[in-house]
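Observations on the three-dimensional arrangement
If you want the building blocks of each chain, they are given just below.
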Amino acid sequence: MSNNGIGTKCVQAGYTPGNGEPRQIPIVQSTTFKYDTSEDMGKLFDLEASGYFYTRLQNPTNDYVAAKIAALEGGTAAMLTSSGQAANFFAIFNICECGSHIVASSSIYGGTFNLIEVTLKKMGIDVTFVDPNASEAELNAAFKENTRAVFGETIANPALTVLDIEKFAKVAHEHGVPLIVDNTFPTPVNCRPIEWGADIVTHSTTKYMDGHGAAVGGCIVDSGKFDWMAHADKFPGLCTPDDSYHGITYAEKFGKEGAFITKATAQLMRDFGCIQSPQNAFLLNLGLESLHVRMPRHVENGLAVAKFLSEQPEVKKVTYPGLEGDDYYEIAQKYLPNGGCGVVSFELEGGRKAAESFMKKLKLIAIETHVADARSCCLNPATSTHRQMTDEQLEAAGIPAGLIRVSCGLEDSADLIADIAQALK
Ligand SMILES: *Cc1c(COP(=O)(O)O)cnc(C)c1O
């Protein structure tokens, strides 16, 4: 499977039925699993054997789908989570604890910003935000003795900045910590951050991966490349015995390839319980089966809408990394040669007021707190997803109050453009 193209992996990776077994992945709708002896089950609890005992920790349906996403990203292991928020929380908390510090791009999803800026701080995990365009020297200056990870988004939601993954990875590695990249917007069809040096990749599968607005979910993929033991002093959770698992040392027992996801499963899923329901994993897999067919259409529609908007006098600024002249056009050519996603941001000349009346007039493009759906939708971040941020924080994140984010779906681009044109007038 590993030699197959991305499309073949979208359709078939993760699950290979045996003779007479279901062609489609089975939904294992069971909270628990039955064993003949207590010894058999004990081996699972001790992580001496792999298998299932309780769906809060692991479920076969989820594991098929996680294995597919691991294959798509080129990682060694993956886990599904109940949401993208849970994925980013787990990815960070799996290696950070009270007293840790992370370096994060300031240009990230509002929910993740809140998680890092407010909630993780309450848990004693501190952050230094950096400009996504920070130079190596500026990035280096953000590190502290207790820095344990670097975080960024390949294409930031909704600012649409593009992360220089190689640069961030290089600096992270020079400081002996992993780079975590949220790859929700491009999906592995358009960018695979691990190929550029990222160590951990996260997803809100709620977006393009599901793609039909049907199931909230998340995923964490481990590249299997980060050498935890080489920096054992920084990662005691992975590199010293876990008393809650009979003294297992994850990095020793499961190696670089398996330690991160095994610990996240055995500790974080056990204790926080953010499992994705097997039903949702099944729906997610249906979305993944056509991801490679849908993404080019989202990109095509995104580019068509961005071009049209950029030619309208009512429009002050269009942000779309695939549009020539965009601040991130060059870097997008490097990391996203086939295009990024269908999300376009723009500012109307009339600011917040004009944005409101424009959105009211749209007919096909619906006002929704969502992106990356088959159906086009739009949002004013300042009054919805990002309303917890101050105007200064909004400016710093590149999201002025009058910004509209349009997520171009899979409709005909001519119809989307006609809808926008009538709403602009
Ligand atoms: C939506 C989103 C999230 C949060 O995911 P949920 O599934 O809504 O919890 C995280 N990161 C990015 C980039 C997103 O777009």
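Just above sits the structure.
All figures in this text were calculated on a predicted structure; none of them were measured in a lab.

Scoring rules and cut-offs
- Residue positions within a chain follow its written sequence, with the count starting from 1.
- Local features in a predicted model are, by the rule used here, given only for residues with pLDDT of at least 70; side-chain atom pairs are given and counted only at 80 or more, and totals for whole chains, interfaces and linings are based on all residues.
- Side-chain calculation: all heavy atoms of the structure are included, whereas hydrogens and water are not.
- Any two strands between which DSSP finds at least two bridges are classified as paired.
- For the purposes of this entry, the term helix denotes a DSSP run of H or I that reaches at least four residues, the term strand denotes a run of E that reaches at least two, and both are numbered from the N terminus.
- Between two residues, a contact is recorded if the distance between any of their heavy atoms is within 4.5 Å.
- Whenever a helix is involved, its axis is fitted only over the stretch in contact; in every case the axis is a line through C-alpha atoms, and angles between N-to-C directions fall within 0 to 180 degrees.
- Residues grouped as a nonpolar core are buried Ala, Val, Leu, Ile, Met, Phe, Trp, Tyr and Cys residues, joined through side-chain atoms within 4.5 Å.
- Burial classes follow relative accessibility: with a 1.4 Å probe on protein chains only, a residue under 20% of its type's maximum area counts as buried, one over 50% as exposed, and anything between as partly exposed.
- Each domain's extent is set by a domain assignment, obtained either automatically or from a database.
- One heavy atom within 4 Å of a molecule or strand makes the whole residue count as near it.
- Think of a polar contact as two N or O atoms within 3.5 Å of one another; within protein, one of them needs to be a possible hydrogen donor and the other a possible acceptor, and neighboring residues in sequence only count if both atoms come from side chains.
- Only the protein chains shown count as cover for residues, and all accessible areas are computed by the Shrake-Rupley method using a 1.4 Å probe.
- Residue classes follow a fixed rule: Ala, Val, Leu, Ile, Met, Phe, Trp, Tyr, Cys and Pro count as nonpolar, while Asp, Glu, Lys and Arg count as charged, and any other residue, Gly among them, counts as polar.

Topic: the sheet that holds strand β8 (residues 315-319)
Taken in spatial order, the five strands of this open sheet run β8-β9-β12-β11-β10, and their pairing is mixed. In the strand order of this sheet, the two ends are held by β8 and β10 (366-367), each with one partner. Alignment of strand β11 (residues 377-379) against strand β12 (residues 403-407), held across three bridges, turns out to be antiparallel. Bridge pairing links Cys378 to Val406 in β12. Sheet contacts for helix α15 (residues 351-361): β9 (343-348), β10, β11 and β12; angle to β9, the most-contacted strand, approximately 125 degrees.

Side note on unusual backbone geometry
Leaving glycine out, the prevailing phi sign among residues is negative, and the prevailing peptide bond configuration is trans. Omega for the bond connecting Asn157 with Pro158 falls within 30 degrees of zero, at 5 degrees, which places this linkage in the cis form. Although it is not a glycine, Leu47 sits at a positive phi angle of roughly 60 degrees. Mapped onto the elements of the fold, Leu47 is located in the loop between α2 (38-45) and α3 (60-73). Of note in the backbone geometry, His246 takes a positive phi value of approximately 55 degrees without being a glycine. Along the chain, His246 falls in the loop between α9 (236-239) and α10 (250-253).

Remarks on the side chain of Thr249
Turning to its location among the elements, Thr249 is positioned in the loop between α9 and α10. Not counting residues up to four positions away in its chain, the partners in contact with Thr249 are Met229, Leu238, Cys239, Thr240 and Pro241.

Observations regarding the nonpolar core
With 106 residues, the main nonpolar core has Ile69, Ile116, Leu179, Ile220, Trp228 and Leu238 as its most contacted residues. Taken together, domain 1 (8-286) and domain 2 (292-424) each give at least three residues to this core, which thus spans both. If near-sequence neighbours (up to four positions away) are discounted, Leu179 is found in contact with Val150, Phe151, Ile165, Phe168, Ala169, Ala172, Ala198, Asp199 and Ile200. Listed in part, the 26 residues of the second largest apolar core include Val299, Ala306, Phe358 and Leu424.

Focus on the site of the ligand
In the vicinity of the ligand, 15 residues are found, and the nearest of them are Asn157, Asp182, Ser204, Thr206 and Lys207. Contact distances for the ligand include 2.8 Å between an oxygen atom and a backbone N or O atom of Gly84. A distance of 2.7 Å separates a nitrogen atom of the ligand from a polar side-chain atom of Asp182. The protein chains hide 92% of the 380 Å² of surface that the ligand would expose on its own. Among the elements that make up the shell around the ligand, the one with the highest residue count is helix α4 (residues 84-93) (three residues). Its residues placed into classes, the shell around the ligand shows two nonpolar, 10 polar and three charged.

Comments concerning the sheet that holds strand β4 (residues 147-153)
Judged by pairing direction, the sheet is mixed, and its seven strands sit side by side in the order β1-β7-β6-β5-β4-β2-β3 without closing on themselves. In the strand order of this sheet, the two ends are held by β1 (77-81) and β3 (126-130), each with one partner. Across the sheet, the axes of successive neighbouring strands diverge by a mean angle of 20 degrees, strand direction being ignored. Two elements, β1 and strand β7 (residues 218-222), share five bridges in a ladder whose sense is antiparallel. Bridge assignment links Leu80 to a residue of β7, and that residue is Cys219. Helix α7 (residues 165-174) contacts β3, β4 and β5 (179-182) of the sheet and is inclined by roughly 150 degrees relative to β5.

Functional significance is not addressed by these values, which are geometric in nature.
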